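Here are the chains, one letter per residue:
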Amino acid sequence: MKLLVLGGDGRAHALVWKLFNSSQVTELLCLPGNGGTGQLAPAIDLDPPAAPAVARYAFEHGIDLILPADSAFLHSGLVDEAVSFQVGVCGPSQRSAVLERSRCAAKSFLLRHNLPTPNGRACRDPDTAERFLATQPMPVIVKGDSPALGERVYQDRFAAIEGVRQLFRTGPLTGASEGVVVESYIAGPRVVLSAFTDGRSAVPLLPVRLYDRVAEDDSGEQAHGIGAHTSNTRYAQLLADFMHQRIIQPIVAGLATEGLPYWGMLSVSCVIAPDGPKVTALRSSFHQGEAQVVLPRLEDDLLPWLRAMVAQRLHELPAPRFAPEASVGLGLFARGYPNYFASGGPISGLEDLDGGVLAFHSATENPAGLRSPAAGAIFGFGGAAATPSLLRTSGGLPITLVASAATLASARERVLANATRI
């Protein structure tokens, strides 16, 4: 089977790595890829790299299945374009992916279906948002409709109102928000749980604790991919069961009720409040950092799961098997990330990692990586490993190191020890 993975961060590398080890995959390609994926799968060049061009390329080159590592192509209508070429895509249509693309749509969906979410509402105009803010206790969190517009916690009501007004103003880069979500701020651990779904049934994976602050004790500037871990405790299993029954399954049922066909990854982001998980966001792909700690624990071949989601046959597969170890992912990022940082420097020390410690690339590039035939190489899995001296950073968070061990503490010690060698 011939697959195309879309993406260039650590999620794409983790998926390529997992599929590379599938006996059912005959050819594996990546767009745009990075210095890590280039050691396993040829990168293809498309100009422009838009949904129609991707769908046409897949048709003309005999791609059997497209797997988006992130949701950008889903938001631009990849599924709708690919349908006309009869190419499979493991992800929902543009209409169904609106729950990630629009925070207002997601908040309204959660409230309509009585799902656990922080107290709040979606506001499509500044007057409604200001009136609602006037009734809410502080602190609150204000989010732009598009995830690209970010979010901010306010302790002061007047500052929150000014923040709402600013989001509705047209900016030079991001443009004006089409709405805002105002909700109560809840402090607590951030946990995500993803599931395979075919629109009728859902199969949960592992709950993942995410860390998205650059300073010690989960503080400082917010940035994605700083760290993540999975646990092998009884609590983790109970949390997964609870989130699946109380959140994932009702979401799948709600999508069906509203006539939103959905297949592929369904991921929920929650804050663990004193009275249980509260859903804060929905995604159509793994979260940044999540795939890197979940996929190494998945003992099954990933491809049958992908095919079952697209064919609506998830119910025919047995429950997924996971290794009993805990896993810890540690993001290695440049000084000054995520604001101002240097890039383009060489990366060394990967050859010194302990056996079993994985390095998933995000912002790296390697001129010696595999290329598609259009770039003068051949398809397939052949080729030597990248020359260490050619591997360079291309962004602020180049690599996520992942280690597994019998306990969470042991896995953390192992990944920290290896990080000092990079």
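See the structure above.
Thresholds applied
- Residues numbered from 1 in each chain as written.
- Predicted model: local features only at pLDDT ≥ 70, side-chain atom pairs only at ≥ 80, totals over all residues.
- Heavy atoms only, no water.
- Pairing = 2+ DSSP bridges.
- Helix = DSSP H or I, 4+ residues; strand = E, 2+ residues; numbered from the N terminus.
- Contact = heavy atoms within 4.5 Å.
- Axes fitted to C-alpha atoms, helices over the stretch in contact; angles between N-to-C directions.
- Buried < 20%, exposed > 50% of the residue type's maximum accessible area, 1.4 Å probe, protein only.

J.: Can you tell me about the pairing of strand S12 (residues 219-230), naming the residues and giving the values?
T.: Judged from the 5 bridges that link them, strand S11 (residues 208-215) and S12 form a sheet pairing that is antiparallel. Each residue of the ladder has a partner; that of Ala215, found in S12, is Ser219. Taken together, S11 and the strand that follows it, S12, pair antiparallel across an intervening segment of 3 residues, in which Asp217 is found at a positive phi of about 60 degrees. Bridge count for S12 against strand S15 (residues 326-332) is 4 bridges, and the pairing is antiparallel. Residue pairing for S15: Thr230 is matched across the bridge by Ser327.

J.: Kindly report on the sheet that holds strand S4 (residues 88-89), identifying the contributing residues and their values.
T.: Reading across from one edge, S2-S1-S3-S4 is the order of the 4 strands in this open sheet, with parallel pairing throughout. Only two strands of the sheet have a single neighbouring strand rather than two, namely strand S2 (27-32) and S4. Here strand S1 (residues 2-7) pairs with strand S3 (residues 65-68) via 4 bridges, running parallel. Its bridge partner lying in S3, Leu4 is registered against Ile66. Lying over the sheet, helix H11 (residues 303-311) contacts S1, S3 and S4, oriented at roughly 100 degrees with respect to S3.

J.: Lay out the sheet that holds strand S7 (residues 151-154) with the relevant residues and their values.
T.: Strand order in the open sheet formed by 4 strands is S5-S8-S6-S7, with antiparallel pairing between adjacent strands. Unpaired on one side and paired on the other, strand S5 (120-123) and S7 mark the two borders of the sheet. Put simply, the sheet's adjacent strands are angled 15 degrees from each other on average, direction ignored. Sitting on the sheet, helix H7 (residues 126-133) touches S5, strand S6 (140-144) and strand S8 (180-184), and the angle it makes with S5 is about 160 degrees. Strand contacts of helix H8 (residues 157-168): S5, S6, S7 and S8, with the helix running at about 5 degrees to S6, the strand carrying the most contacts.

J.: Can you tell me about the pairing of strand S9 (residues 190-197), naming the residues and giving the values?
T.: Counting buried residues along S9, 8 of its 8 residues qualify, which places the element largely inside the surrounding structure. Of the two faces of S9, the one lined by Arg190, Val192, Ser194 and Phe196 and the one lined by Val191, Leu193, Ala195 and Thr197 are each fully buried. Pairing between S9 and S11: 3 bridges, direction antiparallel. From the neighbouring strand, Val192 faces S11, where its bridge partner is Val208. Sheet analysis places S9 next to strand S13 (residues 264-273), joined by 8 bridges and oriented antiparallel. Considered in S13, the bridge of Phe196 is made with Met265. Note: S9 against strand S10 (residues 202-204), 3 bridges, orientation antiparallel. Note that in S10 the partner of Phe196 across the bridge is Val203. The loop that links S9 with its antiparallel partner S10 comprises 4 residues; one of these, Gly199, has a positive phi angle of about 95 degrees.

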